[in-house]
Amino acid sequence: VLRPKREQRSIAEILAAEVSLNLQILAGMIVRADAKRIPGDFHLSTYVFDAAIDRIGELPTDDVGDVVLFYNQLHDLNRKAALFWRSVDDLRALPADSPHRAIVTAELDSTIATFYGSINRTVTRANILQPRLLRAARPWWSLRRPTIGTTELLKVEEMQERAEASDRQREKVMNHVRRRTE
């Protein structure tokens, strides 16, 4: 009877760690939300999920659907990033006077818009999922529970405000430097 519970806790713990890693990556993307492109090295981690797919059923029943939905969103973001770079390659291959350039450019703009919109939904899903995985990994009766820290939700608006404040401060410093060098 103890073994299935122990396995449930271990799968929940490793998935919670991967969710945390992906939240850090997504937080960096939120800072770039006004970007006109998707970074070429963008990739969200699904290695743990892919390796443990046959053990997902060991999680609490309520969490299984949320885990699958979250990882579906990660796979979708990875596909959108790959689609963006394929479209960029297609655009570069077209002659400058090609009538298809406008179509490919519109596809690029659409991919960027849906990509950054999907990031907000994925962060929201991760904020719901991660505390549940941590609770499954360290139930109230577990002797390991005191070693776990509290989890903080990633607030999209707060990240955007911080990025904007940082940009304003950077611009202020650059203006000061420009005035001093003129």
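Residues numbered from 1 in each chain as written. Predicted model: local features only at pLDDT ≥ 70, side-chain atom pairs only at ≥ 80, totals over all residues. Heavy atoms only, no water.

A look at the overall build of the chain
- What the chain contains, in helices and strands, is 5 helices and 0 strands.
- Along the chain, from the amino end to the carboxyl end, the secondary structure elements read α-α-α-α-α.
- Intrachain contacts of the chain at a sequence separation of at least 6 include 78% that bridge at least 24 residues.
- Total accessible area computed for the chain in this model is approximately 11500 Å², and 56% of it derives from carbon and sulfur atoms. (Helix = DSSP H or I, 4+ residues; strand = E, 2+ residues; numbered from the N terminus. Contact = heavy atoms within 4.5 Å. Areas by Shrake-Rupley, 256 points an atom, 1.4 Å probe, with all protein chains shown as cover.)

Focus on the side chain of S98
- Of note, S98 is situated in the loop between α3 (61-93) and α4 (101-137).
- Reaching out from S98, the side chain makes a polar contact with the backbone nitrogen of H100 at a distance of 3.2 Å. (Polar contact = N/O pair within 3.5 Å; in protein donor to acceptor, adjacent residues only side chain to side chain.)

Comments concerning the nonpolar core
- Formed by 37 residues in total, the largest nonpolar core has its most connected members in L15, V67, F115, I119 and L133.
- When residues of this core are traced back to their parent elements, those giving at least two are α1 (2-31), α3 and α4.
- Among the elements that take part in this core, α4 stands out by supplying 12 residues, more than any other.
- Not counting chain neighbours up to four residues away, the residues in contact with F115 comprise M29, I38, F42, L77, K80 and A81. (Core = buried A, V, L, I, M, F, W, Y, C linked by side-chain atoms within 4.5 Å. Buried < 20%, exposed > 50% of the residue type's maximum accessible area, 1.4 Å probe, protein only.)

Focus on the confidence of the model for the chain
- On average, residues of the chain carry a pLDDT of 81, and 83% of them reach 70 or more.
- No element of the chain has a lower mean pLDDT than helix α5 (residues 156-181), at 77, and none a higher one than helix α2 (residues 47-51), at 91. (pLDDT = per-residue confidence, 0-100.)

Some words on the pattern of salt bridges
- Per the stated rule, a full pass over the model turns up 6 salt bridges.
- A salt bridge links R132 to D63; the nearest nitrogen and oxygen atoms lie 2.8 Å apart. Within this pair, whereas R132 is found in helix α4, its partner D63 is found in helix α3, the two being separated by 69 residues in sequence. Each member of the pair, R132 as well as D63, is classed as buried. (Salt bridge = Lys/Arg side-chain N within 4 Å of Asp/Glu carboxyl O.)

Section: the packing of aromatic side chains
- Enumeration according to the criterion identifies 5 aromatic pairs in this entry.
- Taking the centre distance of 4.3 Å and the plane angle of 10° together, the rings of F49 and Y71 count as stacked. Taken together, the residues F49 in helix α2 and Y71 in helix α3 connect sequence positions 22 residues apart. Accessibility assignment for this pair places F49 and Y71 in one class, buried.
- When the ring of F70 is compared with that of Y71, the centres are 5.3 Å apart and the planes differ by 85°; the resulting orientation is edge-to-face. Assigned by exposure class, F70 and Y71 land together as buried.
- One aromatic cluster is present, built from ring pairs that chain together F42, F115 and Y116. (Phe/Tyr/Trp six-rings, centres within 6.5 Å; stacked < 30°, edge-to-face > 60°.)

Comments concerning the environment of I128
- Position of I128 among the secondary structure elements: in helix α4.
- The class of I128 is partly exposed, set by a relative accessible area of 39%.
- In this structure the C-alpha to C-alpha distance between I128 and D66, which are 62 residues apart in sequence, comes to 8.6 Å.

Brief notes about the packing of α3 against α4
- In the contact formed by α3 and α4, the axes pass within 8 Å of each other and the chain directions differ by 155°. Put simply, α3 runs roughly antiparallel to α4. Handedness of the α3/α4 crossing: left-handed.
- Partitioning the contact of α3 with α4 into residue classes produces 19 nonpolar, 7 polar and 10 charged. (Axes fitted to C-alpha atoms, helices over the stretch in contact; angles between N-to-C directions. Parallel < 35°, antiparallel > 145°, perpendicular 65-115°, else oblique. Left-handed = near helix turned anticlockwise from the far one by under 90°. Nonpolar A, V, L, I, M, F, W, Y, C, P; charged D, E, K, R; others polar.)

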